[in-house]
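Given next are the chains, with one letter for each unit.
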Amino acid sequence: GNYDNKMENEDTYKLAFRFAFNNEKSNFGNLKIVGIRDYYEQALVSDEKSMEEINAAQISKAQLEQIDISSKNLLNDYIRNLSLIGNSKEDPSDKDLYQQAFVELFNDSSAAIYNDIDPDGKENTFLPADYIKNYRSLYPEGIININLKLDSAKYKPALEENGVYYRYIYANKNFSGFYKLK
């Protein structure tokens, strides 16, 4: 956000989105976000490398294209809902609907979302509902611009673990707004 109303935030957060999906009759579906982490988190790097070595999924090129499209659509829904929730011109009752739609992008209410909204916060992650609650309260005038750079996102291979398929997508996110009306 725009911290202390003195300097425009030019921070870009490199995030790792982890998706889960299932495979029924060679049709991959029910894609959901299971977590969003800081890309630079050390546990993520080692976790991903070991998973890639052990659990590489055998997925055809056509199936991978289907997963790519679904992943991109889910990320577009993620950023669109945040944009609408952060838009000061949107009706508050509509924002409640966007908030519900945002929470439904995740596999369950316990998914962890990296704290990229509260620079003063002690929490490293939020649950989806708490993320939106803080997003709305920390930027009461709204978010002016929010962007998830999907054109430069890195799509990692699909992994299989106990019948569930996972995939990481790395994307840069930035936004601006007046943090706590400062």
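The structure contained in this document is the topic of the report that follows. Remember, predicted model here, so these are calculated numbers, not experimental data.

Focus: the packing of aromatic side chains
Here is step 1 of the chain: Evaluation of the coordinates by the stated rule reveals 12 aromatic pairs.
Here is step 2 of the chain: Centre to centre, the rings of Tyr-13 and Phe-175 are 6.4 Å apart; their planes meet at 15 degrees, and the pair counts as stacked. A residue pair is termed long-range when its members are at least 10 positions apart, and Tyr-13 in strand S1 (residues 13–24) and Phe-175 in strand S8 (residues 164–177) qualify at 162 residues. Across the pair, exposure class does not vary: Tyr-13 and Phe-175 are buried alike.
Here is step 3 of the chain: Three or more aromatic residues link up through ring pairs in this structure, and these residues are Phe-17, Tyr-78, Phe-102, Phe-106, Phe-126, Tyr-131 and Tyr-135.
Here is step 4 of the chain: In this structure, Lys-14 is placed above the aromatic ring of Tyr-39, and the distance from its NZ or CZ to the ring centre is 4.3 Å.
Here is step 5 of the chain: We note Arg-18 situated over the ring of Tyr-166; from NZ or CZ to the ring centre the distance is 3.8 Å.

With respect to the pattern of salt bridges
Here is step 1 of the chain: Within this structure, the stated rule accounts for 5 salt bridges.
Here is step 2 of the chain: Between Asp-77 and Arg-80 there is a salt bridge whose closest N-O contact spans 2.5 Å. Within this pair, Asp-77 and its partner Arg-80 are both found in helix H2 (residues 61–86), separated by 3 residues, close to a single helical turn.
Here is step 3 of the chain: Among the residues examined, Asp-77 registers a relative accessible area of 28% and is labelled partly exposed.
Here is step 4 of the chain: By relative accessible area, which is 46% here, Arg-80 ends up partly exposed.
Here is step 5 of the chain: Of the charged contacts, one joins Lys-173 and Asp-116 as a salt bridge, the two residues approaching to 2.8 Å between their closest N and O atoms. Of the two residues, Lys-173 sits in strand S8 while Asp-116 sits in the loop between strand S3 (112–114) and strand S4 (125–126), which places them 57 residues apart along the sequence. Comparing Lys-173 with Asp-116 shows no difference in burial state: the two are buried.

As for the environment of Ile-117
Here is step 1 of the chain: Summarising the element assignment, Ile-117 is placed in the loop between S3 and S4.
Here is step 2 of the chain: Counting along the chain gives 15 residues from Ile-117 to Ile-132, while the straight-line C-alpha distance between them is 9.8 Å.
Here is step 3 of the chain: Apart from residues no more than four positions distant in its own chain, Ile-117 is found in contact with Phe-126, Tyr-131, Asn-134, Tyr-135, Leu-138, Tyr-139, Phe-175 and Tyr-179.

Overview of the packing of helix H3 (residues 92–103) against helix H4 (residues 128–138)
Each pair of packed helices can be described by the angle between their axes along with the distance between the axes.
Here is step 1 of the chain: The geometry of H3 relative to H4 is characterised by a closest axis approach of 9 Å and an angle of 145 degrees between their N-to-C directions. Crossing hand, H3 versus H4: right-handed. Each of Pro-92, Lys-95, Asp-96, Gln-99, Phe-102 and Val-103 in H3 lies in contact with H4, whose residues at this interface are Pro-128, Ala-129, Tyr-131, Ile-132 and Arg-136.
Here is step 2 of the chain: Residue classes in the contact of H3 with H4 are distributed as 7 nonpolar, 1 polar and 3 charged.

Comments concerning the nonpolar core
Here is step 1 of the chain: Membership of the largest hydrophobic core comes to 41 residues, with the highest contact counts inside it found for Phe-17, Tyr-78, Phe-102 and Tyr-131.
Here is step 2 of the chain: Among the secondary structure elements, those contributing two or more residues to this core are S1, strand S2 (27–38), H2, S3, H4, strand S5 (143–148) and S8.
Here is step 3 of the chain: Per-element accounting of this core gives the leading share, 7 residues, to H2.
Here is step 4 of the chain: Those residues within four positions of Tyr-131 in sequence are excluded, and the remaining contacts are Tyr-78, Leu-82, Phe-102, Ile-113, Tyr-114, Asp-116, Ile-117, Phe-126 and Lys-173.

Section: the side chain of Arg-167
Here is step 1 of the chain: Along the chain, Arg-167 falls in strand S8.
Here is step 2 of the chain: Residue classification places Arg-167 among the buried positions, given a relative accessible area of 3%.
Here is step 3 of the chain: Setting aside anything within four residues of it in sequence, one finds Arg-167 in contact with Phe-17, Arg-18, Phe-19, Phe-21, Leu-64, Ile-67, Asp-68, Ser-71, Tyr-155, Lys-156 and Pro-157.

About the cut-offs
- Residues numbered from 1 in each chain as written.
- Predicted model: local features only at pLDDT ≥ 70, side-chain atom pairs only at ≥ 80, totals over all residues.
- Heavy atoms only, no water.
- Phe/Tyr/Trp six-rings, centres within 6.5 Å; stacked < 30°, edge-to-face > 60°.
- Helix = DSSP H or I, 4+ residues; strand = E, 2+ residues; numbered from the N terminus.
- Buried < 20%, exposed > 50% of the residue type's maximum accessible area, 1.4 Å probe, protein only.
- Lys NZ or Arg CZ within 6 Å of the ring centre and 35° of its normal.
- Salt bridge = Lys/Arg side-chain N within 4 Å of Asp/Glu carboxyl O.
- Contact = heavy atoms within 4.5 Å.
- Axes fitted to C-alpha atoms, helices over the stretch in contact; angles between N-to-C directions.
- Left-handed = near helix turned anticlockwise from the far one by under 90°.
- Nonpolar A, V, L, I, M, F, W, Y, C, P; charged D, E, K, R; others polar.
- Core = buried A, V, L, I, M, F, W, Y, C linked by side-chain atoms within 4.5 Å.

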